[in-house]
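These are the residues of each chain, in order.
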Amino acid sequence: MTQAAASAPSLVPLVEADQAPILARPYFPAAGPASPLTASLAHVPEILEVALPFVGRVLGPTALDARTKEIVVLRTSALMECSYCVQTHTAAALDSGLARAQIEALRGEAGIEEAFAAAGERALIAWVDEVALGRGAVGEEVTVRAREAMGDPELVELTLVVGATLMLNRYCTALRLPTSAATLLRLAEEGLA
Amino acid sequence: MSVAASIASGTLGGRVWFYSNYHCNLRCAYCLTESAPEVSRRELGKEEILARGREARELGFTAFGVTGGEPFILEYMPELVSGLGAELPTVVLSNGTAFNERRLREVEPLADLPVHVQISLDHPDPDENDEMRGPENFRKVVEAVPKLVERGIGVRIATTLEDPDAVDPEERERLCELHRSLGVPDEDHIVRPIINRGRAMTNEMGVLAGYEQLDPELTLTADGAFYSPFGPTVRGGRLDTDLLVSRTTSPLREPAEALLRIAESRPPGHDTSIGIN
């Protein structure tokens with residue numbers, strides 16, 4: 001899996017703060033640019049005010065730890081070759097405590113077995129791979145491993161995280177959203193660009 | 001609070017505005033929408049307007065407004081305004097230059113309806129008026145207004161000025177004498193400031209107006225629903241979205257309720273002072 005840099009400009013203009021619709025303004029930062037996701041969704045404020053809280057809730061803090069969620073988001077994004085999401089969530093994965101080798105493995109640059117020792121995490125990644133790339137039902141062997149590793153609430157939530165990430169992957173890739181300069185700078189400093 | 005109750009209490013404006021189109025036979029210096037003959041029409045459509053109008057009445061709105069662009073360059077405008085006027089009192093904003101004899105015959109049925117045509121006339125002197133609004137504008141307006149009045153159609157005159165408080169009293173009186181002579185009484189003469197949006201912003205004219213200074217009046221366009229008829233402005237060919245409420249216009253309840261949420265969340269002490277009519 002390779003991640004082509006987002007060299008093309010965004011397919012739609014990113015709405016700047018002075019043009020932010022009234023209902024979108026609470027999602028724009030007081031200073032500095034809004035995220036490309038926010039700035040693009042601002043074209044349709046009635047969607048933005050539903051989508052951003054949804055995304056924030058599903059991908060943000062819940063009963064599940066951030067590290068587990070970032071495994072799911074980064075892996076899904078890498079499978080879908082969404083450079084915006086991979087770059088953005090590589091930075092988030094570092095913040096969540098994932099090791100550099102694990103991030104590289106999730107991005108498809110190294111083997112999962114070597115980077116993840118815990119059987120539960122390997123089962124989760126196998127689940128993510130099948131949910132993200134598969135067609136139809138998830139295979140029996142992967143399902144059994146996932147059921148052993150996760151309780152019902154975890155399986156529900158993490159599967160929803162895969163689904164939400166898939167939506168964002170296709171949205172960000174199709175609209176060619178550019179990764180923020182701050183994220184690109186950080187990834188360059190970390191050697192993970 | 002329901003939409004109807006919010007209109008009754010004054011939280012929401014009772015008038016729903018329709019931007020029927022964006023193109024115009026004129027190219028006024030302060031135009032909010034950069035309208036001109038060659039711009040994209042972006043018509044809202046007769047059936048769409050009538051359908052939303054019926055919904056608006058059911059929701060409790062009390063009046064309609066039609067603006068553009070120049071509404072009366074659309075062939076179906078007399079019929080559309082008849083349909084709206086049959087539902088609720090309606091005002092149509094016009095530059096007054098499209099009323100040839102055929103058009104005058106077509107608008108005659110409006111005389112029996114609660115409809116007003118609000119025509120722009122900025123100055124008592126033709127040259128100064130036409131400097132902002134284009135050649136022959138003054139002559140066409142002073143010809144059209146009496147013909148509309150003779151047919152029993154309600155006419156208002158709207159004067160748009162850089163600073164209404166600074167206008168020379170003598171000049172203002174001459175303008176009032178003019179509109180009276182055309183058959184339009186003082187109570188149907190509106191004087192309003194240029195709003196610093198659209199072409200007026202490009203030309204560095206007018207007063208700044210954010211949503212804190214504007215009445216919340218549901219405004220429908222081909223691009224979505226806006227907070228005010230001053231919202232869907234165009235500058236540099238780009239639609240302003242700072243006063244966009246939603247892209248969704250149907251069912252009308254959706255943008256109406258979104259506008260109500262915005263109106264209810266306005267900071268205390270907001271100072272609404274600017275209206276379009």
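Residues numbered from 1 in each chain as written. Chains lettered and ligands numbered in written order. Predicted model: local features only at pLDDT ≥ 70, side-chain atom pairs only at ≥ 80, totals over all residues. Heavy atoms only, no water.

1. Some points on the overall build of chain B
The helix and strand inventory of chain B stands at nine helices and 11 strands. A compact globule built from 277 residues would reach a C-alpha radius of gyration of about 19 Å, and chain B, at 18 Å, matches this within 12%. Once the C-alpha set of chain B is aligned to its principal axes, its extents read approximately 45 × 40 × 35 Å. For chain B, the proportion of its 277 residues judged to be buried stands at 57%. Of the contacts made within chain B by residues no fewer than 6 positions apart, 73% connect residues no fewer than 24 positions apart. Put simply, chain B shows about 11,100 Å² of open surface, and 48% of that area lies on carbon and sulfur atoms. For chain B, the distance from the average position of its 29 positive side-chain charges to the average position of its 46 negative side-chain charges is 6 Å. (Helix = DSSP H or I, 4+ residues; strand = E, 2+ residues; numbered from the N terminus. Rg over C-alpha atoms; globule rule 2.2 N^0.38 Å. Buried < 20%, exposed > 50% of the residue type's maximum accessible area, 1.4 Å probe, protein only. Contact = heavy atoms within 4.5 Å. Areas by Shrake-Rupley, 256 points an atom, 1.4 Å probe, with all protein chains shown as cover. Lys, Arg positive; Asp, Glu negative; His and termini not counted. Charge placed at Lys NZ, Arg CZ, Asp CG, Glu CD.)

2. Structural notes on the interface of chain B and chain A
Across the boundary between the two partners, chain B contributes 16 residues, which contact 13 residues of chain A. Roughly 1,200 Å² of surface becomes buried between chain B and chain A when both sides are summed, with 49% attributable to carbon and sulfur atoms. On the chain B side of the interface with chain A, the three residues burying the most area are B:Thr241, B:Asp242 and B:Arg247, jointly 38% of the side's total. In this structure, the connection of chain B to chain A is made through one salt bridge. For the pair chain B and chain A, the number of links is eight residue pairs in polar contact (both at pLDDT 80 or more). Among the elements of the structure, β10 (238–239), β11 (244–246) and α9 (253–264) of chain B are those that each provide at least two residues to the side of chain B that touches chain A. (Buried area = accessible area lost by both parts, 1.4 Å probe. Salt bridge = Lys/Arg side-chain N within 4 Å of Asp/Glu carboxyl O. Polar contact = N/O pair within 3.5 Å; in protein donor to acceptor, adjacent residues only side chain to side chain.)

3. Things to note about the side chain of A:Ser96
With respect to the element layout, A:Ser96 can be found in helix α4 (residues 83–96). Beyond its immediate sequence surroundings of up to four residues, A:Ser96 is in contact with A:Ala66, A:Arg67 and A:Glu70.

4. A short note on the side chain of B:Asp130
Residue and element names in this part refer to chain B. Mapped onto the fold, aspartate 130 is located in helix α5 (residues 126–133). Among buried Asp, Glu, Lys and Arg side chains, aspartate 130 stands out as unpaired, with arginine 133 the closest opposite charge at 6.9 Å. Within the structure, the side chain of aspartate 130 is placed 3.0 Å from the side chain of asparagine 129, a separation counted as a polar contact.

5. Side note on the domain arrangement of chain A
When the parts come together, some accessible area is lost, and that loss is often what is quoted as the size of the interface. All names here are of chain A. Along its sequence, chain A is organised into domain 1 (17–59) and domain 2 (66–190). Placing a centre on the C-alpha atoms of domain 1 and another on those of domain 2 gives a separation of 24 Å. The interface of domain 1 with domain 2 comprises 10 residues on the first partner and 13 residues on the second. Of the roughly 970 Å² buried at the junction of domain 1 and domain 2 (both faces included), carbon and sulfur atoms supply 77%. Between the two partners, domain 1 and domain 2, sit zero salt bridges. Where domain 1 meets domain 2, there are two residue pairs in polar contact (both at pLDDT 80 or more). Counting residues per element, the ones that place at least two in the side of domain 1 that touches domain 2 are α1 (36–41) and α2 (45–59). In terms of residue count, α2 provides more of the side of domain 1 that touches domain 2 than any other element does, five residues in total. Residues that form the side of domain 1 that touches domain 2 fall into these classes: seven nonpolar, two polar and one charged. (Domains from an automatic or database assignment. Nonpolar A, V, L, I, M, F, W, Y, C, P; charged D, E, K, R; others polar.)

6. Quick word on the packing of helix α7 (residues 119–133) of chain A against helix α9 (residues 152–174) of chain A
To describe two helices that pack against each other, one gives the angle between their axes and the distance between the axes. Residues and elements named next belong to chain A. Packing of α7 against α9 leaves a shortest axis separation of 10 Å and a crossing angle of 45°. In terms of axis orientation, α7 runs oblique to α9. Both α7 and α9 take part in a crossing whose hand is right-handed. Contacts between α7 and α9 involve Leu124, Trp127, Val128, Val131 and Ala132 from the first element and Leu155, Leu158, Thr159, Val162 and Leu166 from the second. Looking at the contact of α7 with α9 residue by residue, the class counts come to nine nonpolar, one polar and no charged. (Axes fitted to C-alpha atoms, helices over the stretch in contact; angles between N-to-C directions. Parallel < 35°, antiparallel > 145°, perpendicular 65-115°, else oblique. Left-handed = near helix turned anticlockwise from the far one by under 90°.)

7. What to know about unusual backbone geometry
Of note, the bond from B:Gly68 into B:Gly69 is cis; its omega dihedral lies within 30 degrees of zero at 25°. Take B:Gly69: it is sitting in the loop between β2 (63–67) and α3 (77–87). In this structure, the amide linkage connecting B:Ser250 to the following residue, B:Pro251, adopts the cis form with an omega of 0°. With respect to the element layout, B:Pro251 can be found in the loop between β11 and α9. Even without being a glycine, A:Glu81 presents a positive backbone phi close to 55°. You can see A:Glu81 is positioned in the loop between α3 (66–79) and α4. For A:Glu81, a relative accessible area of 45% translates into the label partly exposed.

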